[in-house]
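Listed here are the chains, written in short residue letters.
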Amino acid sequence: MKVALLIFLLYYIASALFTFYLLFKEKGHIDNERLISRIRRKTLLEKGFLDFLQYSLNDDEDAPLPQHIDSVKWQEMHEFGRRQAILGIYFHGIMKLDAKMKAEQDKQKAYEIFKGNKPTIQDLGKWMLTQQTITENNDKLFHWCGKIYQKFSQQGLECYILKGQGNNYYYPDLYERIPGDIDVVLNSNRRTILKYCKKRIKKYDIQYRHIDFYKDGIIIEVHFFPVHMNNPLNDRRLQRWFKEHTQEQCHHFVELPHHYGRMPIPTVEFSLISQLGHVLQHELTDGVGLRLVIDYYYLVKAFHRQEKGTGFNYIALTKEFGLYRFAQAMMWVLRDILGMKEEELLVPPDELAGSILWNDILNGGSFGKYHQRKCIAEVSSPVKRFFLIVKRNNRYMKLYPSEVLWDPLIRIWHFTWQLFNR
C-alpha cells in the first residue's frame, strides 16, 4: 500500500510539473485572434457540408434551401458525415430535398432545388445502404434496452438508460441517429453494483465510472454514476444533484418501438447537465464529434418545447458544477455551426471557447479518431497515453483551469482504484 501511494505521489508531482511547464511555455499560449481567424477559414472550406447540415436539422417546412448545394460533393460529404458519425442526419436532409422536388409541380423550380447538383443513383444507393445499417443497429439496441430494463427490474433494481438510445427520442426520427453502446445507470451504491455484476458477468472490464461487457456484439456499460468532474468540490456538488434526481429518472419511461416494451430515460433537464459534463470529459480525453453536439442541439430544442416551471436553472447549475464556460462553448457551436437561433441559447456564447471546441471537432471527428496524429485512445501504453492527454489539455488551461489542473491527479486516482477493484 505504501509503495502504491509513493508511486501515486511521484506520478502526480511529475505530471503537475509537466502541466505547468506546458502552461508557461511560449508555444503553449493561445493567440486568440489568429486562432479564431484560422478556424473561420477552415469552416469556410466546409461551408457546403455545414450549410446542408443546418438544412437537415431544421424541421421547419419553410426552411430556406441550402445556399451552397451546387458546390456539394456528395462522396466527400458522405466521408465527412462518416467521420462525424452523422450520416443519418445528412440522409434525412437528402430525403427532405427529394420530397420537396417531387412535390414541386413547376419542373423548372423542381430542377433548381438541387441547382443541377442532384446526387446520382450510385450516390443515393450508398446513402440508402448506410441508412439501412443505421436502422438495423438502432433496432438491435432498442431490443436490448428493453431486455436490460426488464432484467434489472426483475432483480428488484431500479435503473435508467443514459445518453445513447434515450437521445433518439428527441430526434425527429427514432432511426436517424447512429447508435453507439448502451449506458445504464443503476440506482444503488458502487459496492452493491460491483458485487452484482461480478457475480453474474463472466468477462468484464472495470473502469472508475462503470463496468463494461459485451453482449451480442454490443458494449453495455453499467454506470455507478452518470459522469464526474475532475475538481473534487464541483464533483461533490454534481453527484449530490444526481442522487437527488435519480428516482425521477428511473420513473421517466418511453415506449420502445416494435413492442420491445419500455425503458426509463433521463428527463431533458437532467440530460442537459449530465451530457454537458460527458462532452467536456471527452474533450479533455480524446475528442468530440458532431454527433454528441447534435444530441445536445436536440436536447435544447426539446427543453424549449416543454412546459416550464420545474425550478430548473441552467445558468445557476452550470456555474455551481464548473460547467458554465463549456456551456458557453457549446452554445457558440450550436449557433454559429448548427444554426440555432440566438433566443434559443441557454447561456451567452463564448467565441474563443467555442472556436477551440469546433476546431477539435473538425480536426478529430467522432471521439478524436481521425486526427492526423495517432488517436490517443489507440495508444497502448497507459503512461504514454497519460502524458499525451496532459500535453493535449494544455490548450484548455485558460478555459477550464480547474478541470485541467485536477486532471492528472484524478486520472492517477482512477487508475489506482481500478487496480484494487478488478
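Everything that follows concerns the structure shown earlier in this document.
Because the structure is a prediction, the values reported are computed rather than measured. (Residues numbered from 1 in each chain as written. Predicted model: local features only at pLDDT ≥ 70, side-chain atom pairs only at ≥ 80, totals over all residues. Heavy atoms only, no water.)

Trainee: Describe in detail the nonpolar core, supporting the description with residues and values.
Mentor: Inside soluble globular proteins, nonpolar side chains tend to come together where they are buried. Ranked by internal contacts, the top residues of the largest apolar core, which has 121 residues, are Leu272, Leu290, Ile294, Tyr296, Tyr314 and Leu338. The dominant element in this core, judged by the number of residues it contributes, is helix 13 (residues 290-305), at 11 residues. In this structure Ile294 touches Leu53, Leu57, Ile86, Ile89, Tyr171 and Leu338, once residues within four positions along its chain are discounted. (Core = buried A, V, L, I, M, F, W, Y, C linked by side-chain atoms within 4.5 Å. Buried < 20%, exposed > 50% of the residue type's maximum accessible area, 1.4 Å probe, protein only. Helix = DSSP H or I, 4+ residues; strand = E, 2+ residues; numbered from the N terminus. Contact = heavy atoms within 4.5 Å.)

Trainee: Tell me what's going on with the sheet that holds strand 5 (residues 218-223), and back it up with residues and numbers.
Mentor: Within a beta sheet, neighbouring strands are joined by backbone hydrogen bonds and run either parallel or antiparallel to one another. Spatially, the five strands line up as an open sheet ordered 1-2-5-4-3, and their pairing is mixed. Either end of the sheet is taken by a strand with one partner, and the two such strands are strand 1 (159-162) and strand 3 (205-206). Pairing analysis gives two bridges linking strand 3 to strand 4 (residues 210-215), with the strands arranged antiparallel. Within the sheet, the bridge partner assigned to Asp205 lies in strand 4 and is Asp212. (Pairing = 2+ DSSP bridges.)

Trainee: Hey, could you go over a positive patch on the surface for me, with residue numbers and the actual values?
Mentor: Together, Lys147, Lys151, Lys195, Lys199, Arg200, Lys202 and Lys215 make up a region of like positive charge exposed at the surface. Where the positive patch is concerned, the elements lending two or more residues are helix 7 (121-154) and helix 9 (190-200). With respect to the helices, strands and loops of the structure, Lys215 is situated in strand 4. (Patch = residues over 30% accessible without salt bridge, like charges linked within 9 Å, V, L, I, M, F, W, Y side chains within 5 Å. Areas by Shrake-Rupley, 256 points an atom, 1.4 Å probe, with all protein chains shown as cover. Salt bridge = Lys/Arg side-chain N within 4 Å of Asp/Glu carboxyl O. Lys, Arg positive; Asp, Glu negative; His and termini not counted. Charge placed at Lys NZ, Arg CZ, Asp CG, Glu CD.)

Trainee: Would you mind going over a nonpolar patch on the surface in detail, with residue names and values included?
Mentor: Residues Phe415, Leu419 and Phe420 make up a contiguous nonpolar surface patch of about 330 Å² in total accessible area. Assignment of secondary structure puts Leu419 in helix 18 (residues 401-421). Overall, Leu419 belongs to the exposed group, its relative accessible area being 52%.

Trainee: Lay out the pattern of salt bridges in plain terms, naming residues and giving numbers.
Mentor: The full count for this structure, using the stated rule, is 12 salt bridges. Across the pair Arg83 and Glu79 runs a salt bridge, and its minimum N-O distance is 3.0 Å. Taken together, the positions of Arg83 and Glu79, both in helix 4 (residues 74-84) and four residues apart, correspond to about one turn of that helix. Residue Lys140 is joined to Asp216 by a salt bridge in which the shortest nitrogen-to-oxygen separation is 4.0 Å. Residue Lys140 is located in helix 7, and its partner Asp216 is located in the loop between strand 4 and strand 5; the two are separated by 76 residues in the primary sequence. Given the relative accessible area of 33%, Lys140 is considered partly exposed. Several salt bridges converge on common partners, so that one network encompasses Glu79, Arg82 and Arg83.

Trainee: Help me get a handle on helix 18, residues and values and all.
Mentor: Taking 1.5 Å of rise per residue, 21 residues should cover 30 Å, and helix 18 covers 30 Å from first to last C-alpha, within 8% of that figure. Along its length, helix 18 shows its largest kink, about 45°, at Asp407, and proline Pro408 lies within four residues downstream of that point. Among the residues of helix 18, Glu403, Val404, Asp407, Pro408, Leu409, Ile410, Arg411, Ile412, His414, Thr416, Trp417 and Gln418 are the ones counted as buried. (Expected span 1.5 Å × (residues − 1). Bend = angle between axes of the 7 residues up to and from the residue.)

Trainee: Give a detailed account of the packing of aromatic side chains, specifying residues and quantitative values.
Mentor: This model, assessed by the stated rule, comprises 25 aromatic pairs. Here the aromatic rings of Phe142 and Tyr169 are separated by 6.1 Å at their centres, their planes lie at 75°, and the arrangement is edge-to-face. With Phe142 in helix 7 and Tyr169 in the loop between helix 8 (164-167) and strand 2 (182-186), the pair connects residues that are 27 residues apart, well separated along the chain. Residue classification places Phe142 among the buried positions, given a relative accessible area of 0%. Residue Tyr169 is classed as partly exposed on the basis of its relative accessible area of 22%. Ring plane angle 70° and centroid distance 6.2 Å describe the contact between Phe224 and Trp417, whose orientation is recorded as edge-to-face. Placement of Phe224 in the loop between strand 5 and helix 10 (232-244) and of Trp417 in helix 18 is noted, with a sequence separation of 193 residues between them. Residue Phe224 is classed as buried on the basis of its relative accessible area of 8%. (Phe/Tyr/Trp six-rings, centres within 6.5 Å; stacked < 30°, edge-to-face > 60°.)

Trainee: Please set out the state of the cysteines residue by residue, giving values where relevant.
Mentor: Counted by the stated rule, this structure contains zero disulfides. There is no disulfide at Cys145, and the cysteine sulfur nearest it, in Cys159, is 9.7 Å away. Of the residues examined, Cys145 reaches a relative accessible area of 0% and is grouped as buried. Cys159 forms no disulfide, and the closest cysteine sulfur to it belongs to Cys250, at a distance of 6.6 Å. With a relative accessible area of 1%, Cys159 lands in the buried category. (Disulfide = S-S within 2.5 Å.)

Trainee: Just give me the short version of the pairing of strand 1, but keep the residues and values in it.
Mentor: Because side chains alternate across strand 1, one face comprises the buried residues Cys159 and Ile161, and the other comprises Tyr160 and Leu162, equally buried. As judged from the four bridges shared by strand 1 and strand 2, these two strands associate in the antiparallel manner. Pairing of Leu162 across the sheet is with Asp183, part of strand 2.

Trainee: Account for the packing of helix 10 against helix 12 (residues 268-283), naming residues and giving values.
Mentor: At a minimum axis distance of 12 Å, the contact between helix 10 and helix 12 shows a crossing angle of 155°. Between helix 10 and helix 12, the crossing angle belongs to the class labelled roughly antiparallel. Helix 12 is crossed by helix 10, and the crossing has left-handed handedness. Only Glu269, Phe270, Ile273 and Ser274 of helix 12 make contact with helix 10, whose side of the interface consists of Leu238, Trp241 and Phe242. For the contact of helix 10 with helix 12, a count of residues per class yields five nonpolar, one polar and one charged. (Axes fitted to C-alpha atoms, helices over the stretch in contact; angles between N-to-C directions. Parallel < 35°, antiparallel > 145°, perpendicular 65-115°, else oblique. Left-handed = near helix turned anticlockwise from the far one by under 90°. Nonpolar A, V, L, I, M, F, W, Y, C, P; charged D, E, K, R; others polar.)

Trainee: Tell me about the packing of helix 3 (residues 47-57) against helix 4, residues and numbers included.
Mentor: Interaxial distance between helix 3 and helix 4 falls to 10 Å at its minimum, and their mutual angle equals 70°. Taken as axis vectors, helix 3 and helix 4 run roughly perpendicular relative to one another. Across from Phe49, Leu50 and Phe52 in helix 3, the residues of helix 4 making contact are Trp74, Glu76, Met77 and Phe80. Class assignment of the residues belonging to the contact of helix 3 with helix 4 gives a composition of six nonpolar, no polar and one charged.

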